[in-house]
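Summary of structural features
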Amino acid sequence: MLWACPSSRAPGNSEYSLSFPGDPCCAMLTQKRRKWTPGKEGDFSKLPDNLMSEESDSLRPSPFVAPLSENNELPKQPGYVCSLTEELVTKAREELQEKPEWRLRDVQALRDMVCKDYPNLSTSLDDAFLLRFLRARKFDYDRALQLLVNYHSCRRSWPEVFDNLKPSALKEVLSSGFLTVLPHSDPRGCQVLCLRPDRWIPSNYPITENIRAIYLTLEKLIQSEETQVNGIVILADYKGVGLAKASHFGPFIAKKVIGILQDGFPIRIKAVNIVNEPRIFKGIFAIIKPFLKEKIANRFFLHGSDLNSLHLNLPKSILPKEYGGTAGELDANAWKEVLLASEEDFVKEFCRPLSPSNSLLQETPLVERITSEVQGDDSIRGVKSQLYSCY
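Analysis parameters
Residues numbered from 1 in each chain as written. Predicted model: local features only at pLDDT ≥ 70, side-chain atom pairs only at ≥ 80, totals over all residues. Heavy atoms only, no water. Salt bridge = Lys/Arg side-chain N within 4 Å of Asp/Glu carboxyl O. Buried < 20%, exposed > 50% of the residue type's maximum accessible area, 1.4 Å probe, protein only. Helix = DSSP H or I, 4+ residues; strand = E, 2+ residues; numbered from the N terminus. Lys, Arg positive; Asp, Glu negative; His and termini not counted. Contact = heavy atoms within 4.5 Å. Phe/Tyr/Trp six-rings, centres within 6.5 Å; stacked < 30°, edge-to-face > 60°. Lys NZ or Arg CZ within 6 Å of the ring centre and 35° of its normal. Pairing = 2+ DSSP bridges. Expected span 1.5 Å × (residues − 1). Core = buried A, V, L, I, M, F, W, Y, C linked by side-chain atoms within 4.5 Å. pLDDT = per-residue confidence, 0-100.

Details of the pattern of salt bridges
This structure, assessed with the given rule, holds 14 salt bridges. Residue Glu98 is joined to Arg103 by a salt bridge in which the shortest nitrogen-to-oxygen separation is 2.7 Å. In this structure Arg103 comes out as buried when scored by relative accessible area, which is 0%. The partner of Lys116 in a salt bridge is Asp117, with the nearest N and O atoms 3.2 Å apart.

In structure tokens:
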């Protein structure tokens, strides 16, 4: 569905004029600095004390953004209601630069940037959706906009992963135990995504099916505002992974996946804990590391078979007994049921025809840039040989 973007920029004016229903003033967003300053028609310091409070942000009707009806009228949309606890509101303020009193103004700023710079981008523009991108980029408007564009570019440019992406199409992967989400979050509030590549049998389905299952899981996790603020932790168990499986994860796949996780999806990865990694993992990591940003690379922790080392990062109380924890046996079926229960939502989002206007993005899609960079980099062609040298 193509979402309507009511333009708010006056002809000949280099600034955006943004106004909310019922506000006695409008705020001006300068095109260069992407920062809010009071417009000539209003002064925020003179507004009623409760007008820009967190409570009013959650109750005020959101600026209208919705599909146009046949008579060109925009139907009313429910306003954003913050579900964060006071503790998480404080954390978001300190870590993400999120100010509750400015939250809807920031969302409107990003919405107007999308409408101006990418008017043909088929995307949701509701408050809750755009907040994901603002939080992922610490409310930097330009970086949030680029992340949103990358998000859609990746989906359009890798049809093997994103076409017909729904839980019912991945029952075999979800039933294999390849991935699950632990029922308890870590002490920082991060959800723990557990991956077990040894459960994958390459002759049954290609590696892209695993990537599809991971993406579905991330989409489900990021719906939670708590996860948007706290981020996630990955626990990957490489027990039993040998050369045959590792060879499927070559530099082309590696860079595409990492490109999406780092620059094409609104989620904060706080740590990646690797356990039971065989010697072959040195070769796998040699493929991955050149594509990792330094900040992410520093969040990789290799524990080997030392579960005591793992417990320094993830406490026993949240881990299943397979990893020396006290939280019972690992149950992959529970997460499968969570995803299958969301089938209708994923069908609406990923199984509708792609709008032709999406082809009008002004920049080369992220995944296409990634692929061309890999193909043009001779130094990467020999990386796979490192897998063999590890034996």
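From this point, the discussion proceeds with the structure in view.
Focus: the side chain of Arg132
In this fold, Arg132 is placed in helix α4 (residues 127-136). Glu219 is the oppositely charged side chain nearest to the buried, salt-bridge-free Arg132, at an N-O distance of 4.1 Å. If sequence neighbours within four positions are ignored, Arg132 has contacts with Glu219, Ile222, Gln223, Gln228 and Pro266.

Describing the packing of aromatic side chains
This structure, assessed with the given rule, holds 11 aromatic pairs. Taken together, a centroid distance of 6.0 Å and an interplanar angle of 50° make the contact between Tyr151 and Phe265 tilted. Residue Tyr151 is located in helix α5 (residues 141-157), and its partner Phe265 is located in the loop between α11 (251-263) and β7 (269-275); the two are separated by 114 residues in the primary sequence. Its relative accessible area of 2% is what places Tyr151 among the buried residues. Plain terms: the ring middles of Tyr215 and Phe265 are 5.2 Å apart, the flat faces sit at 75° to each other, and that makes the pair edge-to-face. Here Tyr215, found in helix α8 (residues 207-221), pairs with Phe265, found in the loop between α11 and β7; they are 50 residues apart in sequence, far enough to count as distant. You can call Tyr215 buried: its relative accessible area is 5%. The class of Phe265 is buried, set by a relative accessible area of 1%. Aromatic ring contacts, followed pair by pair, group Phe129, Phe133, Tyr151, Phe162, Tyr215, Phe265, Phe346 and Phe350 into a single cluster. The aromatic ring of Trp102 is capped on one face by Lys99, whose charged end is 5.7 Å from the ring centroid.

Quick look at the pairing of strand β6 (residues 232-237)
Buried residues dominate β6, accounting for six of its six residues. What you see with β6 is no split at all: Ile232, Ile234 and Ala236 on one side and Val233, Leu235 and Asp237 on the other are buried throughout. Note that β6 and β7 share six bridges and pair parallel. In the strand pairing of β7, Asp237 is matched with Val275.

A closer look at α8
Residue pairs three or four apart in sequence face the same way in an α-helix, which turns once every 3.6 residues. Along its 15 residues, α8 runs 22 Å from first to last C-alpha, staying within 8% of the 21 Å computed at 1.5 Å per residue. Here α8 lies mainly inside the structure; 13 of its 15 residues are buried.

Description of the nonpolar core
Counting 87 residues, the largest nonpolar core has Leu134, Trp158, Phe162, Tyr215, Phe265 and Leu292 as its most contacted members. The leading source of residues in this core is α5, at eight residues. Beyond its immediate stretch of four places on either side in the chain, Leu292 contacts Ile258, Gln262, Phe285, Ala297 and Phe300.

So, the confidence of the model for the chain
Mean pLDDT over the chain stands at 78; residues scoring 70 or higher make up 70%. Note on residues 6-69: pLDDT is under 50 here. Beyond four places in sequence and across chains, it has 125 contacts. Taken as a whole, residues 370-391 scores under 50 in pLDDT and shows 36 contacts with residues more than four places along the chain or in a different chain.

Some words on the environment of Lys99
Here Lys99 lies in the loop between α2 (86-96) and α3 (103-117). Note on Lys99: relative accessible area 31%, which makes it partly exposed. Considered as a pair, Lys99 and Val89 are 10 residues apart in the sequence and their alpha carbons are 8.4 Å apart.

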